[in-house]
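If you want the building blocks of each chain, they are given just below.
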Amino acid sequence: MKIICIGRNYVAHAKELGNEIPQEPVIFMKPDSALLRNNDPFYIPDWSNDVHYELELVVRISRLGKSIERKFANRYYSEVGLGIDFTARDLQNQLKDKGLPWEKSKAFDRSAVIGNEFIPVTELSDPASIKFQLKLNGKIVQDGDSALMIFPIDELIFQISKYFTLKIGDLIYTGTPAGVGPVKIGDQLEGFLEGRKMFDFQVK
Ligand code: ZN
């Protein structure tokens, strides 16, 4: 399986990092070795002093497809989950300044947290407005609503599948809303999707 991530998919987050609003989705990938599951702790890598959490709605692909039309995109997923795209912001900024690829700062081991549970789209009260929150040490630091995405899920599937064949089990991290920030040793991170707790783990 592969992990496809979207950058700058919420206006307020693009602005908080000083980025332009993109005309097309920013797409990057993480290998399967980036996954962090089962509420295992996240260990801050020793080569970064500024690892940020980015809470993201995650779509799991349920059907093989390429060059998927927008109007059929909703047939290619049936569940959504919640994850964190951990980002070594210091290293990412160095790489961006040099015009180099982001991978080392974004795709490193255990940088892709995923909750154990996925919620069927049919159980969502409004699939066009999915609500999700991140608590850092008990306080809400990110409060997301998929209705505020620049590129909604179906548009992302259309755009991604122009370049990459989507396979069953592939995960799409759909971008983070505003409120990203650094983690430190001892922090507790809890993620909620439609009010249901999806993960709860410690930073070490
Ligand atoms: Zn992200």
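J.: What is the right way to look at the pairing of strand β11 (residues 139–145) in this model?
T.: As a general feature of sheets, a regular strand has side chains that alternate between the two faces. Bridging between strand β10 (residues 131–136) and β11 involves 6 bridges; their strand directions are antiparallel. From the neighbouring strand, Q133 faces β11, where its bridge partner is D143. Where β10 folds back on β11, the antiparallel hairpin that results is connected by 2 residues, among which N137 adopts a positive phi of roughly 50°.

J.: I'm lost on unusual backbone geometry in this one. Help?
T.: Note: most residues except glycine have negative phi, and most peptide bonds are trans. Backbone geometry places S67, a non-glycine residue, at a positive phi of 45°. Positionally, S67 belongs in the loop between β5 (55–61) and β6 (77–85). Phi is positive for E194, close to 50°, though the residue is something other than glycine. With respect to the helices, strands and loops of the structure, E194 is situated in the loop between β14 (188–193) and β15 (196–202).

J.: Would you take a moment to explain the coordination of the zinc ion for this structure?
T.: By definition of the ideal shapes, a tetrahedral metal site with four donors has angles of 109.5 degrees and an octahedral site with six donors has angles of 90 or 180 degrees. Every protein donor of the zinc ion is listed here as E54 (OE), E56 (OE) and D85 (OD), and their distances to the metal cover 1.9 to 2.1 Å. Counting gaps between the donor residues of the zinc ion yields the pattern E-x1-E-x28-D. Of the two residues, E56 is situated in strand β5 and D85 in strand β6; the sequence distance between them amounts to 29 residues. As far as burial versus exposure is concerned, E56 and D85 are alike and both buried.

J.: Help me understand the environment of K139 in this model?
T.: On the secondary structure map, K139 appears in strand β11. Accessibility expressed as a relative area gives 57% for K139, which makes it exposed. For the pair K139 and Y173, spaced 34 residues apart in sequence, the C-alpha separation works out to 23 Å.

J.: Is there a simple way to explain the sheet that holds β11 in this structure?
T.: Working definition: the strands of a sheet are paired by backbone hydrogen bonds and lie parallel or antiparallel to each other. Across the sheet, 4 strands lie side by side as β11-β10-β14-β15; this open sheet has antiparallel pairing. With partners counted over all chains shown, the strands left at the sheet margins are β11 and β15, one partner each. The mean inter-strand angle of the sheet, taken between neighbouring strand axes irrespective of direction, is 15°.

J.: What am I meant to see in the nonpolar core here?
T.: Side chains of nonpolar character tend, in soluble globular proteins, to be buried together. Counting residues in hydrophobic clusters, the biggest one holds 45 residues, and the most contacted among them are F42, I84, F86, I157, L189, L193 and F199. Discounting chain neighbours no more than four positions away, the residues touching I157 are I61, I68, A73, Y77, L166 and I172. Grouped together as the second largest cluster of nonpolar side chains are 12 residues, C5, F28, W102 and Y173 included.

J.: Is there a simple way to explain helix α2 (residues 89–97) in this structure?
T.: Helical geometry note: an α-helix holds 3.6 residues per turn, so side chains three or four residues apart project in the same direction. Residues of α2 that are buried: R89, L91, Q92 and L95. In a view along the axis of α2, the buried residues occupy a sector of 160°, so they form one face of it. If you follow the buried residues of α2, they end up packed against β4 (51–53), β7 (87–88) and α3 (103–106). Just downstream of α2, G99 is the residue with a positive phi angle, here 70°.

J.: What am I meant to see in the pairing of strand β1 (residues 3–7) here?
T.: With 5 of 5 residues buried, β1 lies mostly within the body of the structure. Neither face of β1 is exposed, since I3, C5 and G7 on one face and I4 and I6 on the opposite face are all buried. Inspection of the sheet shows β1 paired to strand β12 (residues 171–173) by 3 bridges, in the parallel sense. Directly across from C5, in β12, lies its bridge partner Y173. Sheet topology places β1 next to strand β2 (residues 26–30); 5 bridges connect them, and they run antiparallel. Along β2, the bridge assignment pairs C5 with F28.

J.: What is the right way to read the sheet that holds β7 from this model?
T.: Spatial ordering of the open sheet is given by β7-β4-β13, a layout of 3 strands whose pairing is antiparallel. Only two strands of the sheet have a single partner each, and these edge strands are β7 and β13 (181–182). Judged from the 2 bridges that link them, β4 and β7 form a sheet pairing that is antiparallel. Paired with H52 across the strands is T87, a residue of β7.

Definitions and cut-offs
- Residues numbered from 1 in each chain as written.
- Predicted model: local features only at pLDDT ≥ 70, side-chain atom pairs only at ≥ 80, totals over all residues.
- Heavy atoms only, no water.
- Pairing = 2+ DSSP bridges.
- Helix = DSSP H or I, 4+ residues; strand = E, 2+ residues; numbered from the N terminus.
- Donors = N, O, S within 2.8 Å, 3.2 Å for Na, K, Ca; no water.
- Buried < 20%, exposed > 50% of the residue type's maximum accessible area, 1.4 Å probe, protein only.
- Axes fitted to C-alpha atoms, helices over the stretch in contact; angles between N-to-C directions.
- Core = buried A, V, L, I, M, F, W, Y, C linked by side-chain atoms within 4.5 Å.
- Contact = heavy atoms within 4.5 Å.
- Arc of directions from axis to C-beta.

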